[in-house]
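# Architecture at a glance
Chain by chain, the residues run as shown.
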Amino acid sequence: MKDILTELESRRAEARMGGGQARIDAQHKRGKLTARERVDLLLDEGSFEEFDMFVTHRCTDFGMEKQKPAGDGVVTGWGTINGRLVYVFSQDFTVFGGSLSETHAQKICKIMDMAVQNGAPVIGINDSGGARIQEGVASLAGYAEVFQRNIEASGVIPQISVIMGPCAGGAVYSPAMTDFIFMVKDTSYMFVTGPDVVKTVTNEVVTAEELGGASTHTRKSSVADAAFENDVEALAEVRRLVDFLPANNRAKPPVRPFFDDPERIEPSLDTLVPANANTPYDMKELILKLGDEGDFYEIQENFAKNIVTGFIRIEGRTVGVVANQPMVLAGCLDIDSSRKAARFVRFCDAFEIPILTLVDVPGFLPGTSQEFGGVIKHGAKLLFAYGEATVPMVTVITRKAYGGAYDVMASKHLRSDFNYAWPTAEVAVMGAKGATEIIHRKDLGDAEKIAQHTKDYEDRFANPFVAAERGFIDEVIQPRTTRKRVARAFASLRNKKVQTPWKKHDNIPL
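A brief look at the structure comes next. (Residues numbered from 1 in each chain as written. Predicted model: local features only at pLDDT ≥ 70, side-chain atom pairs only at ≥ 80, totals over all residues. Heavy atoms only, no water.)

### With respect to the overall build of the chain
Selection rule: Only DSSP runs of H or I with at least four residues qualify as helices, and only runs of E with at least two residues qualify as strands; both kinds are numbered from the N terminus onward. Radius of gyration here is computed from C-alpha atoms only, and the compact-globule reference equals 2.2 Å multiplied by the residue count raised to the power 0.38. Categorising residues by exposure relies on relative accessible area from a 1.4 Å probe, with only protein chains included: less than 20% of the type maximum marks a residue as buried, more than 50% marks it as exposed, and the intermediate range marks it as partly exposed. In this analysis, two residues are considered to be in contact whenever any of their non-hydrogen atoms come within 4.5 Å of each other. Areas reported here follow the Shrake-Rupley algorithm with a probe of radius 1.4 Å; residue values treat only the protein chains shown as occluding. Positive charge is attributed to Lys and Arg, negative charge to Asp and Glu, and no charge count is given to His or to the chain ends. A single reference atom marks each charge: NZ on Lys, CZ on Arg, CG on Asp, CD on Glu.
For the chain, the helix and strand inventory stands at 19 helices and 17 strands. In terms of overall size, the chain behaves like a compact globule, its C-alpha atoms giving a radius of gyration of 26 Å where 510 residues would be expected to give roughly 24 Å. Taken over the C-alpha atoms alone, the chain extends approximately 95 × 55 × 45 Å along its principal axes. Looking at the chain as a whole, 51% of its 510 residues are labelled buried. Across the chain, every contact between residues at least 6 apart in sequence was considered, and the portion connecting residues at least 24 apart equals 73%. For the chain, the accessible surface area stands at approximately 23,400 Å², while carbon and sulfur atoms represent 54% of it. Averaging the positions of the 60 positive and the 68 negative side-chain charges in the chain gives two centres separated by 3 Å.

### Let's talk about the sheet that holds strand β9 (residues 226-228)
Selection criterion: DSSP-based pairing: two strands are paired if at least 2 bridges between them are found. Only C-alpha atoms enter the line fits that serve as axes; for helices the fit covers just the stretch in contact. Angles between N-to-C directions range over 0 to 180 degrees.
With mixed pairing, seven strands are arranged side by side in an open sheet as β1-β2-β3-β4-β5-β7-β9. Whereas interior strands pair on both sides, the edge strands pair on one side only; in this sheet they are β1 (49-51) and β9. Strand-to-strand twist in this sheet, taken as the mean axis angle between neighbours without regard to direction, amounts to 20°. Of the pairings in the sheet, the one linking strand β2 (residues 74-81) to strand β3 (residues 84-91) comprises eight bridges and is antiparallel in character. Paired with Val75 across the bridge in β3 is Ser90. Docked against the sheet, helix α4 (residues 102-118) engages β1, β2, β3, β4 (122-126) and β5 (159-163), running at close to 165° with respect to β3.

### Some points on the nonpolar core
This is how it is decided: Residues grouped as a nonpolar core are buried Ala, Val, Leu, Ile, Met, Phe, Trp, Tyr and Cys residues, joined through side-chain atoms within 4.5 Å.
Ile123, Phe311 and Tyr386 are the most contacted members of the largest nonpolar core, which has 59 residues in total. Those residues in contact with Tyr386 that lie beyond four places of it in its chain are Val322, Val345, Ile355, Thr357, Met393, Val408, Met409, Ala410 and Leu414.

### Thoughts on the packing of α4 against helix α5 (residues 137-153)
Selection criterion: By definition in this entry, angles of less than 35 degrees are roughly parallel, angles greater than 145 are roughly antiparallel, angles of 65 to 115 are roughly perpendicular, and the rest are oblique.
Relative orientation of the contacting elements α4 and α5 amounts to 10°, with a least axis distance of 8 Å. As judged from the angle between their axes, α4 and α5 are roughly parallel. Contact residues: Glu102, Ala105, Ile108, Cys109, Met112, Asp113 and Val116 in α4; Ala138, Gly142, Glu145, Val146, Arg149, Asn150 and Ala153 in α5.

### Notes on the packing of helix α3 (residues 35-42) against helix α10 (residues 231-244)
Each pair of packed helices gets described by two things: the angle between the helix axes and the distance between those axes. Filter applied, for reference: Handedness of each helix crossing follows the sense of rotation of the near helix against the far helix: counterclockwise by less than a right angle gives left-handed, clockwise gives right-handed. All amino acids are sorted into three groups, where Ala, Val, Leu, Ile, Met, Phe, Trp, Tyr, Cys and Pro are nonpolar, Asp, Glu, Lys and Arg are charged, and the leftover types, Gly among them, are polar.
For the pair α3 and α10, the least separation of the axes is 9 Å and the interaxial angle reads 40°. Regarding the angle of α3 to α10, the classification is oblique. The handedness of the crossing between α3 and α10 comes out as right-handed. For the pair formed by α3 and α10, the contact residues are Arg38, Leu41 and Leu42 on the first element and Asp231, Val232, Leu235, Val238 and Arg239 on the second. Residues that form the contact of α3 with α10 fall into these classes: five nonpolar, no polar and three charged.

### With respect to the pattern of salt bridges
Stated formally: Salt bridge, as applied in this entry: a Lys or Arg side-chain nitrogen positioned within 4 Å of an Asp or Glu carboxyl oxygen.
Taken as a whole and judged by the stated rule, the model has 31 salt bridges. Of the charged contacts in the structure, one is a salt bridge between Arg256 and Asp243, with a shortest N-O distance of 3.3 Å. With Arg256 in the loop between α10 and α11 (283-290) and Asp243 in helix α10, this residue pair connects regions lying 13 residues apart in the sequence. The class for Arg256 is partly exposed, based on a relative accessible area of 24%. Using a relative accessible area of 14% as the deciding quantity, one classes Asp243 as buried. For Glu298, the salt bridge is made with Lys284, and the minimal N-O distance between the two is 3.0 Å. Of the two residues, Glu298 is situated in strand β10 (residues 297-299) and Lys284 in helix α11; the sequence distance between them amounts to 14 residues. The structure contains a network of salt bridges with shared partners spanning Asp260, Arg264, Glu266, Asp292 and Arg483.

### Here we look at α10
The cut-off we apply is this: One less than the residue count of a helix, multiplied by 1.5 Å, gives the span that helix is expected to have. The definition of a polar contact used here is a pair of N or O atoms within 3.5 Å, where within protein one atom must be able to donate a hydrogen and the other to accept one, and adjacent residues in sequence count solely through side-chain atom pairs.
Between its terminal C-alpha atoms α10 stretches 21 Å, which fits the 20 Å expected from 14 residues at 1.5 Å a residue. Along α10, 10 of the 14 residues are buried, which leaves the element largely enclosed by surrounding structure. Where α10 begins, the capping side chain belongs to Asn230, and its oxygen is found 3.2 Å from the backbone nitrogen of Val232.

### Let's talk about the packing of aromatic side chains
Operational definition: Side-chain rings of Phe, Tyr and Trp, where Trp is taken by its six-membered ring, are said to pair if the distance between their centres is within 6.5 Å; with planes under 30 degrees apart they count as stacked, over 60 as edge-to-face, and otherwise as tilted.
Evaluation of the coordinates by the stated rule reveals 11 aromatic pairs. With centroids separated by 6.0 Å and ring planes inclined at 25°, the aromatic side chains of Phe244 and Phe311 adopt a geometry described as stacked. Pair noted here: Phe244 is in helix α10 and Phe311 is in strand β11 (residues 307-314), with a separation of 67 residues, a long-range link. The exposure class assigned to Phe244 is buried, which follows from its relative accessible area of 1%. Looking at Phe311, the relative accessible area reads 0%, which means it is buried. One aromatic cluster is present, built from ring pairs that chain together Phe180, Phe244, Tyr297, Phe311, Phe344, Phe347 and Phe351.

### Section: unusual backbone geometry
With the exception of glycine, the majority of residues adopt a negative phi angle, and the majority of peptide bonds are in the trans configuration. With a phi angle near 55°, Glu293 is a residue other than glycine that sits in the positive phi range. By the secondary structure assignment, Glu293 is in the loop between α11 and β10. The phi angle at Ala304 is positive, at roughly 45°, despite the residue not being glycine. By the secondary structure assignment, Ala304 is in the loop between β10 and β11. Looking at Ala304, the relative accessible area reads 12%, which means it is buried.

Structure, rendered in structure tokens:
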């Protein structure tokens, strides 16, 4: 018996070494942790239960039968984050560059199947050179098996991808179908075709960092949701995100202890909106003052900054926030902000996370680049996302809510449950100046008359009361009481049920 136990420990020790000490040292020199170090940091101490530690590849071509490291380049298993069950796979770059083989894919698929079966999030840590060329089509088949599971798990369990090294070619499509993607600055990159192929085909000279680095994907492409300085920070932020999310689509978001009075009054909010309607202010100040303990987890902070998305807690319960940001493009909606917000709204709706919408929107951004880029269809994505949502929805209009953008931003007409407005709100077809120039076109040459018409329009429409008269605004509230009113609204909606017509699935304007 003792000999068997000794052999077991010897095999385990060998498996834990991955590709050997020299490759582990090389990984550390690049500023990267090993696959197992990442899992240990991500999960609660001592909670990791590993699966398939001794699995090896089956390839016999190109001399591969002589190298059969245990684990085959990926560490898989389950554990807990702050006591809550999660499944995890972590690719091991020290073994064949983390390349995906048939058995490597089978290990990942097993974990994903268990995550769906048991209703728990799955977290994938990607650090791979791509498909294992020696295995040919078997490797490609492995990728497709993983992709199919990403699709089936979508909207059923939260899926989080952490890119901590290369992720290229077909490998990028698995993270692309997950709910959140985090990257690490300077050590991770994602692209379908690498710099060498780009140079050959298009003659463009570009580095891997420029083509698919963390900055590119968080600021330009919106592929990634956030980028962090190093592996340790990225994993800590994943733990923080998981705390906001439900385990699956049939579970409620977690309820955390809170020490912040839901009826807290914030007098400073009475002066948040400037007297001049064209002066910007920071919408994040309002978000921080509404959430428990001022805790706000922002999603896609560096992309489409004219709209803010992320999670807060109210009475210890997760709430998704979508807010126009007057500091950027005056808070206008455009192609990028519509896509960003629509995806976030659909995630919240899929996982029963209530949505708070803070509105200060003068309209859609005008211009040929927007129209040629399809702003009509992209704007419709956000409209569609709000219109199909059945979770509790509360909307607060702080200042401008003009034109079609008023409709799109969780208006009463899109089944928002509570629609509040501050006294500074202006719900109208357009701004007073533009409206006056259309209505009173014949007086355009008379500055005095135009000024009077503009003032008359402002007096009539630059307020929330016309909309309130029609029931489109449920209540005009004092800004200082916003947290109290929002908290009470969400508390009253906890048992909300909505029946929708049967359909196989919708056809969102992609």
